[in-house]
Structure formats: structure tokens, C-alpha cells
Amino acid sequence: MKKHNFYAGPAILPESVKKAASEAAYDYKGTGLSLMEVSHRGDDFVEILDNTEKYVRKLLKVSDDYAVLFLTGGASSQFYMTAFNLYNPDDKVGYVDTGTWSTKAIKEASAFADIETLASSKDKNFSYIPRGYKIPKDLKYLHLTSNNTIYGTQTKEWAKTSAPIICDMSSDIFSRELPLKKFGLIYAGAQKNVGLAGVTLVIVKKELLGKTEWHIPTMLDYRTHIAKNSSFNTPPVFSIYVTMLNLEWVLEQGGVKAMEKRNTAKAKLLYDEIDNNPLFVGTVAKEDRSPMNVTFLLKDNTKDAAFIKKCTEAGIVGIKGHRSVGGFRASMYNAMDISSTQVLVDVMKAFK
Ligand SMILES: *Cc1c(COP(=O)(O)O)cnc(C)c1O
């Protein structure tokens, strides 16, 4: 039976990517060796790494002012690594708290940096994106989470500030066009919209680095990874390969502009059903709704199990909401086809 994968992460990959990855896992391009058992210094992997960087630059129009890095440790390591590399005592840095992942970024940076939380949507269980908050003029950087995977909100208008924005884009990078110049650093764990768990994409403006007073341990210093082309130590070879395949697929589909169109169509289909079906209700402010993670409830939650059962029968997996919101969460990353969204909408209609 065909499965419709709505998991929030690790998440859906395109069919062609899964097939190519499976082949490479056994025999990479007829070399008689698995990609998992060859040197990361060999020509094959160096080519993969170069292509992956090239695709990132092409898709997001990244100039040479920025370095593109493939690191380990997940987006979670970037919560402290960003601050450790960019903050200096007496600097003013601002954070916006839009839910679990932002809260974690704030906690990690607070361990050694004197940060200011400029705004928070905690008062309403993170169901909206704060607007109109005051941004100090002399801010060193502003940290945002572009898409809140758990709560289902997305930042649509970027803050008006001349300070570089440091942004966790783990769950919506490559899903839409970006004004790249506004960003000093972008990071994303790969397992949602980029590729496979194990690699973390970092895009950093080089001129922001090298200005801290303290000693940064070698592995935590972005400059190490820039100097060694993300191969200071053994990189996650297979995860990077899957990332390359996935970005190649995005390019073939027409790039992030085409992805944005595709994601907007899926989001409209599902949100329209949530708004028009009397059994369901969305959990976040309409203007902040995420096209990536759609969170909604049954007004009568005693029917939750019955709805999940109908979904399962239709081949839908990963629809259960995160415990901090409850109800349901439909994650519809780039690789999901609108036909899967249609299956979910049909189940919702039939449930009525
Ligand atoms: C999943 C997620 C993370 C955590 O990523 P890891 O790679 O598992 O550390 C961080 N931020 C956001 C927005 C996420 O969705």
C-alpha cells in the first residue's frame, strides 16, 4: 500500500533520491564499493561535496561573501556554536522566542552570553509570530527561528533591522525564496527539508567571524571548517550524498521558486479544509500559518483515535500532533506531492 508520509522529521524524501541512495549504499556508480566504505578524501566524495555546495549556492543565490559548511552535531549544536563564534562580552544580542527550538537556542546561548529576549509568543502557547517588537539599534545580531516545526508557525516578514539575522531554518530552508543579504548565518539540520540526519548545513557570512576574544575549541570554530572545506575530520559522507541528490531534485523541479509554488498549493488545500470542515480547527494565527507543518485539532477530541484510525487505513503516517500542541500535525515538506495532501483532505471530508 502506498504510504503518505507526514512525519515532521526525519522526513519524506523523493522516490528518485531513495532509489539512487539505495544503489550507492551497495555499489557507488559501478566502482564495486559502497559509498559508505570509501575515503572522504577520494575523488568521488570530493566531487559530491563540491556539487552539494554548488547546488546550495545556486538554489539560494549564495555569494562568495558566505561560506557553505556541512557540519555534524545537528541544529542543536548550532544553538551554542553560533553564539560562541559571533558574540563578545558587552555585545548586545537579541533573540525572539517562538517555541521549543528558539527556547533551546536561548538557553544554550545564555550559558555564556548576555542575551536579550526581544519578544516571545509564549503567552499564547506559541500560536503566533510576534510583531512590532523594539529592536535595539546597536544589536550585534538577531536570532530567529524561521519555521516552528512543533507549533506550526512561520516567519513571513523578516524583521526590519540592519543587524545580521542568525536563523534556524531547519524545517523550511529550500522551501521558499529568501532575501539572503539580511542573514549573517543560516543553519539547518538536514533531516527535514534537506536530506538525511547526520549533516547540518551552515551558511555563514565570513566577515562576521574571528572577532571573539575567547579561545574557540578547534571543532567548534567555523573557521576550521571553512579552511578545511568541511573535511577537517571525517564528514558524514552518506548524509551529504543524500543531500546532494535531494538538492539536485529540487533544481530539476525548478528550484526554490517552484518549491514555494508547490508548498503554497498543498497548504491552501489543507488549510481550506480545516477552515471549512466544522469538525476541525487550526491551532495558530492565520497570518502565521506554516505551509510546512500544519497543526490542527478535532473540536471533539474524544474522536482523535477514530480519526487516526481512518488516516492509517488510507496509508497516512506521522499525523499525530506533538504533545505540546496535541491533535494533529501534517508536515508537508518539499518532497511531498499534493496527491498525498489530497488523500488527507479526502479522509477529513469522509470523517465529517
Ligand atoms: C528539528 C529541529 C531542530 C533540531 O535539529 P537537530 O538536527 O535534531 O538538532 C532545531 N530547530 C528546528 C526548527 C527543528 O525543526
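Just above sits the structure.
Described in the following lines is the structure provided in the data block.

Criteria and cut-off values
Residues numbered from 1 in each chain as written. Predicted model: local features only at pLDDT ≥ 70, side-chain atom pairs only at ≥ 80, totals over all residues. Heavy atoms only, no water. 1 Å grid on protein atoms, 1.4 Å probe; cavity = no way out; pocket = protein on both sides within 12 Å on 5 of 7 lines; lining within 4 Å. Points joined across faces, edges and corners; volume = space filled by probe spheres on them. Nonpolar A, V, L, I, M, F, W, Y, C, P; charged D, E, K, R; others polar. Domains from an automatic or database assignment. Core = buried A, V, L, I, M, F, W, Y, C linked by side-chain atoms within 4.5 Å. Buried < 20%, exposed > 50% of the residue type's maximum accessible area, 1.4 Å probe, protein only. Helix = DSSP H or I, 4+ residues; strand = E, 2+ residues; numbered from the N terminus. Contact = heavy atoms within 4.5 Å. Near = heavy atom within 4 Å. Polar contact = N/O pair within 3.5 Å; in protein donor to acceptor, adjacent residues only side chain to side chain. Areas by Shrake-Rupley, 256 points an atom, 1.4 Å probe, with all protein chains shown as cover. Pairing = 2+ DSSP bridges. Right-handed = clockwise from strand over helix to strand, strands pointing away. Phe/Tyr/Trp six-rings, centres within 6.5 Å; stacked < 30°, edge-to-face > 60°. Axes fitted to C-alpha atoms, helices over the stretch in contact; angles between N-to-C directions.

Description of empty space enclosed by the protein
Here's step 1: Counted under the stated rule, the structure contains one cavity of 30 Å³ or more.
Here's step 2: Counted as a void, the largest cavity has a volume near 70 Å³.
Here's step 3: Forming the walls of the largest cavity are 14 residues, and the residues nearest its centre are Ile-12, Lys-192, Asn-193, Asn-246 and Ala-335.
Here's step 4: Along the lines of polarity and charge, the residues of the lining of the largest cavity split into eight nonpolar, five polar and one charged.
Here's step 5: There are two domains that each give the lining of the largest cavity at least three residues, and those are domain 1 (4–12 + 255–351) and domain 2 (15–253).

Considering the nonpolar core
Here's step 1: Ranked by size, the top nonpolar core spans 54 residues in total, and within it Leu-60, Leu-142, Ile-173 and Phe-174 carry the most contacts.
Here's step 2: If one sorts the elements of this core by residue count, helix H6 (residues 237–253) sits on top with 10 residues.
Here's step 3: Among residues more than four places away in sequence, those in contact with Leu-60 are Ile-173, Phe-174, Leu-178, Leu-180, Ile-203 and Val-256.
Here's step 4: Ranked by size, the runner-up nonpolar core spans 27 residues in total, among them Met-292, Leu-298, Ile-316 and Val-345.

With respect to the site of the ligand
Here's step 1: Around the ligand, the structure places 14 residues, and the nearest of them are Ser-76, Thr-149, Asp-168, Gln-191 and Lys-192.
Here's step 2: A distance of 2.6 Å separates a nitrogen atom of the ligand from a polar atom in the side chain of Asp-168.
Here's step 3: At a separation of 2.7 Å, an oxygen atom of the ligand approaches a polar side-chain atom of Lys-192.
Here's step 4: For the ligand, whose free accessible area comes to 390 Å², the fraction covered by protein is 87%.
Here's step 5: Looking at the shell around the ligand residue by residue, the classes come out as three nonpolar, nine polar and two charged.

Examining the pairing of strand E3 (residues 92–97)
Here's step 1: The element E3 is extensively covered by neighbouring structure, given that five of its six residues are classed as buried.
Here's step 2: When E3 meets strand E5 (residues 139–145), the two strands line up parallel, connected through four bridges. Considered in E5, the bridge of Tyr-95 is made with His-143.
Here's step 3: Bridge count for E3 against strand E4 (residues 115–120) is five bridges, and the pairing is parallel. What sits directly across from Tyr-95, in E4, is Thr-117.
Here's step 4: The parallel pair E3 and E4 is bridged by helix H4 (residues 100–110), and the resulting crossover is right-handed.

With respect to the packing of aromatic side chains
Here's step 1: Within this structure, the stated rule accounts for 15 aromatic pairs.
Here's step 2: A ring pair is formed by Phe-280 and Phe-296, whose centres lie 5.8 Å apart and whose planes are at 65°; its orientation type is edge-to-face. One end of the pair, Phe-280, is in strand E11 (residues 280–282); the other, Phe-296, is in strand E12 (residues 293–298), with 16 residues separating them in the sequence. Each member of the pair Phe-280 and Phe-296 is classed as buried.
Here's step 3: Ring centres of Phe-280 and Phe-307 lie 5.1 Å apart, and the angle between their planes is 65°; on these two criteria the pair is classed as edge-to-face. Of this pair, Phe-280 sits in strand E11 while Phe-307 is found in helix H8 (residues 304–313), placing the two residues 27 residues apart along the sequence.
Here's step 4: Classification of Phe-307 by relative accessible area gives buried; the value is 0%.
Here's step 5: Through successive ring pairs, a cluster of aromatic residues spans Phe-280, Phe-296, Phe-307, Phe-328 and Phe-351.

Section: the sheet that holds E12
Here's step 1: Taken in spatial order, the three strands of this open sheet run E11-E12-E14, and their pairing is antiparallel. Strands with a single pairing partner mark the edges of an open sheet, and in this sheet they are E11 and strand E14 (328–331). Here the average twist between neighbouring strands, direction ignored, is 35°.
Here's step 2: Examined bridge by bridge, E12 and E14 share four bridges and lie antiparallel to one another. Considered in E14, the bridge of Phe-296 is made with Phe-328.
Here's step 3: Contacts from helix H7 (residues 255–276) reach E11, E12 and E14 within the one sheet, and its direction differs from that of E12 by about 20°.

Geometric descriptors of this kind do not, in isolation, establish any biological role.
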